[in-house]
Amino acid sequence: MKKNLFPGIIAALFLFMLTSCEKDSPIDTSSDEINIVSQFVYDGMSTYYLWASEVANKKPTVADTDPEAYFYSILNSTDTRYGWSWITDDVQSLLNDFAGTPKASGAPSFTFMYANSQKTQYYAIVNYVFPNTPASNAGLKRLDIIGQIDGQPITNSNYGKLYGSDPVTFSIYKLTASDIVKDRDISITPTVISTNPVLLDSVYEIGNKKIGYLFYTDFISVFNNSLYQEFSKFKSAKITDLVLDLRYNHGGAITAATYLSSLVAPMNYVQSKSTLVKLTYNNDLNNYFDTHNYSRSYLLGEYDKTSEQNPITNNLDLPRIYIIATHDSYSAAELITFCLMPYMNVVHIGNKTGGKYTASWTLHAYDDDLGLTVYGSNSLFKIPKVLLPNEKETLKNWAMQPVVAFYSDKYEQNFSATDGLIPAAVNTFDEGFGYIDYWTQLGDTKDVFLGHALYLITGDTSYKPVLPTKAARTVDLPILSKQKLNNPKDVKMQSVILDKIEMPSGKLRSITDELRK
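Everything in this summary refers to the structure shown in the same document.

**Focus on the sheet that holds strand 18 (residues 363-364)**
Inference 1: Spatial ordering of the open sheet is given by 1-20-18-19, a layout of 4 strands whose pairing is mixed. Strands at the two margins of the open sheet, each flanked by one partner only, are strand 1 (86-88) and strand 19 (372-373).

Okay, structure coming up:
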């Protein structure tokens, strides 16, 4: 995820905040023994973090030799509770995930149900599998049930192997008329894969309606042209309604959310570049952006003219959209659902979403290609004048993904009060009514979520989901677990990724020169 940053932005931001806050230099040179990565954590967090003012007096000491522990020790309590901010010593894996090219099996999403009465062991239900990946090549598919990992039951201590990059063997179980029984073992060796989020589409012709359906897995901006092609198909089909399925979508890049929104919002708002999202940073950053007339908004109709097609070409110009979003929908999935509401009728089907209403930047010490830099080559700071080779070597793999902003809609409203988006009661369901034997393949009109959308659109009661009675169920299966055993390295679900930051280079240079005086 390469940042579009002009040289000098970091220097200007640093100096502006030093001047406005009258703080000492964030570079602490009192001791050469302070861990340089911990110092990088402090310098970045005391400048860009949403709660930077709380970090200012938490400078690292010689005792802070563990940068990760130091990072989490200085976080705001709300951030700690929700797990929004993140640090890694494997920046390339982080960026590969953002770019849709991780080293992985190809099965990134699971739902869990208890496998024993003590609720200490789990079955993992496969939500979907990317094609042409080690998982799909091994025969793993949606609704397969994983009961063991490397011959051991799935527990809180080993579930992370489901998402790992090391070779693994899964024991696959299947539903029978009255039980769950072992079916087969499959071995998977993860490789670098492509995770194009435009995974499944359909068009349903019911009466006088043509209904488009899109299952979209993640907001990854390098695949925006795949969205463009998908909506070209929808437009050619002259669809009258759209169902956007984000039930397992953990979010991602704000530019992907803006692009998708520009394909579905009413055309006049896209043409007029109406505000989709507003960002609220810490006070220093807000003042800097506002003083110099830099936008803190993302607009409908914005796109990368160097690599993307104009979304207005395939805009559907619909008055409403039906969005399937659940407790497993986060960040950018919530953003698009919420921030489109001022412009069109958004019908939310599913249940309460994950509640991620923050945004983050990737911070790297010095490499502009890896993130927003704290010590860029154009830094105004003389300490360190230039990072020494051994210091660069120490810092090269480290990056932070701290929360830097709250996002809101055009009216500066957000959903923090409800801690997630809540659909109307008549549109609230659990997948399969909470019964695994009532789950279907994605795109099946018998799916509870999709069926309800088709019923709302057409009025045809044959699509209306009906809660099964206990007598109608011939099997008493384990209940679905409410515990979320998500990928511990899934940063996209923690906050919306602010993946492109642009400022006019000429204006920035004049501001930088002014600040140098």
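The rest of the description comes next.
**Quick notes on the layout of surface pockets**
Inference 1: Approximately 900 Å³ is the volume attributed to the largest pocket.
Inference 2: Every residue lining the largest pocket is counted, 38 residues in all, and those nearest its centre are Asp-97, Pro-102, Tyr-163, Asn-487 and Lys-489.
Inference 3: Per element, the largest residue contribution to the lining of the largest pocket is 4 residues, and it comes from helix 6 (residues 91-98).
Inference 4: When its residues are assigned to classes, the lining of the largest pocket shows 17 nonpolar, 12 polar and 9 charged.

**Describing the nonpolar core**
Generally speaking, a soluble globular protein has its nonpolar side chains buried in company with each other.
Inference 1: Counting residues in hydrophobic clusters, the biggest one holds 85 residues, and the most contacted among them are Phe-40, Tyr-216, Phe-219 and Phe-231.
Inference 2: Dropping the residues within four chain positions of it, Phe-219 is found in contact with Leu-246, Asn-249, Gly-251, Gly-252, Ala-253, Ala-256, Ala-257, Leu-260, Ala-332, Ala-333 and Ile-336.
Inference 3: Ile-125, Ile-206, Val-243 and Leu-442 belong to the second largest nonpolar core, which has 31 residues in total.

**Observations regarding empty space enclosed by the protein**
Inference 1: As enumerated under the stated definition, the model contains 2 cavities of 30 Å³ or more in all.
Inference 2: Lining the second largest cavity, in full, are Pro-108, Ser-109, Phe-110, Tyr-163, His-250, Asp-328, Asn-486, Asn-487 and Asp-490.
Inference 3: When its residues are assigned to classes, the lining of the second largest cavity shows 3 nonpolar, 4 polar and 2 charged.

So, how was this worked out
- Residues numbered from 1 in each chain as written.
- Predicted model: local features only at pLDDT ≥ 70, side-chain atom pairs only at ≥ 80, totals over all residues.
- Heavy atoms only, no water.
- Pairing = 2+ DSSP bridges.
- Helix = DSSP H or I, 4+ residues; strand = E, 2+ residues; numbered from the N terminus.
- 1 Å grid on protein atoms, 1.4 Å probe; cavity = no way out; pocket = protein on both sides within 12 Å on 5 of 7 lines; lining within 4 Å.
- Points joined across faces, edges and corners; volume = space filled by probe spheres on them.
- Nonpolar A, V, L, I, M, F, W, Y, C, P; charged D, E, K, R; others polar.
- Core = buried A, V, L, I, M, F, W, Y, C linked by side-chain atoms within 4.5 Å.
- Buried < 20%, exposed > 50% of the residue type's maximum accessible area, 1.4 Å probe, protein only.
- Contact = heavy atoms within 4.5 Å.

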